[in-house]
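This is what each chain is made of:
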Amino acid sequence: MSQIGVPGIILLVILALLLFGPNKLPELGRAVGRTFREFKDGAREIIADDAPAKKKEEAPQQAVAAEPSKVEDKRLPE
């Protein structure tokens, strides 16, 4: 894909001014900025929540593999 050059950016700004008007453009810019910020914060939360969960899942699996006799002792009496 080709990159947008300076003439392309100028054309997009003029088109945005014609479509939305000079009064609406700052509001649209703020809304887009808030949306990107919320998305980035959400992605960081998901990554931060996912990392400790992986560590918790790995630890019990290693303990079970090291001591298989304790797993067999937990049967219900008949």
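Below, the structure is looked at part by part. Bear in mind that the values here come from a model prediction, so they are computed numbers and not experimental data.

1. Regarding the overall build of the protein chain
- A tally of regular secondary structure across the protein chain gives 3 helices and 0 strands.
- Reading the protein chain from its N end, one meets helices and strands in the order α-α-α.
- Residues counted as buried form 1% of the 78 residues belonging to the protein chain.

2. Concerning helix α1 (residues 6–20)
- Taking 1.5 Å as the rise per residue, α1 with 15 residues should run 21 Å; its terminal C-alpha atoms sit 21 Å apart, in good agreement.
- Backbone geometry just downstream of α1 places Gly21 in the positive-phi region, at approximately 85 degrees.

3. Focus on a negative patch on the surface
- Judged by side-chain charge, Glu38, Asp41, Glu45 and Asp49 come together as a negatively charged surface patch.
- Examined against the element boundaries, Glu45 turns out to sit in helix α2 (residues 25–66).
- Residue classification places Glu45 among the exposed residues on the basis of a relative accessible area of 52%.

4. With respect to a nonpolar patch on the surface
- On the surface, a cluster of nonpolar side chains totalling about 850 Å² of accessible area is made up of Ile4, Ile9, Leu12, Val13, Leu15, Leu17, Leu19, Phe20 and Leu28.
- Position of Leu12 among the secondary structure elements: in helix α1.

So, how was this worked out
Residues numbered from 1 in each chain as written. Predicted model: local features only at pLDDT ≥ 70, side-chain atom pairs only at ≥ 80, totals over all residues. Heavy atoms only, no water. Helix = DSSP H or I, 4+ residues; strand = E, 2+ residues; numbered from the N terminus. Buried < 20%, exposed > 50% of the residue type's maximum accessible area, 1.4 Å probe, protein only. Expected span 1.5 Å × (residues − 1). Patch = residues over 30% accessible without salt bridge, like charges linked within 9 Å, V, L, I, M, F, W, Y side chains within 5 Å. Areas by Shrake-Rupley, 256 points an atom, 1.4 Å probe, with all protein chains shown as cover. Salt bridge = Lys/Arg side-chain N within 4 Å of Asp/Glu carboxyl O. Lys, Arg positive; Asp, Glu negative; His and termini not counted. Charge placed at Lys NZ, Arg CZ, Asp CG, Glu CD.

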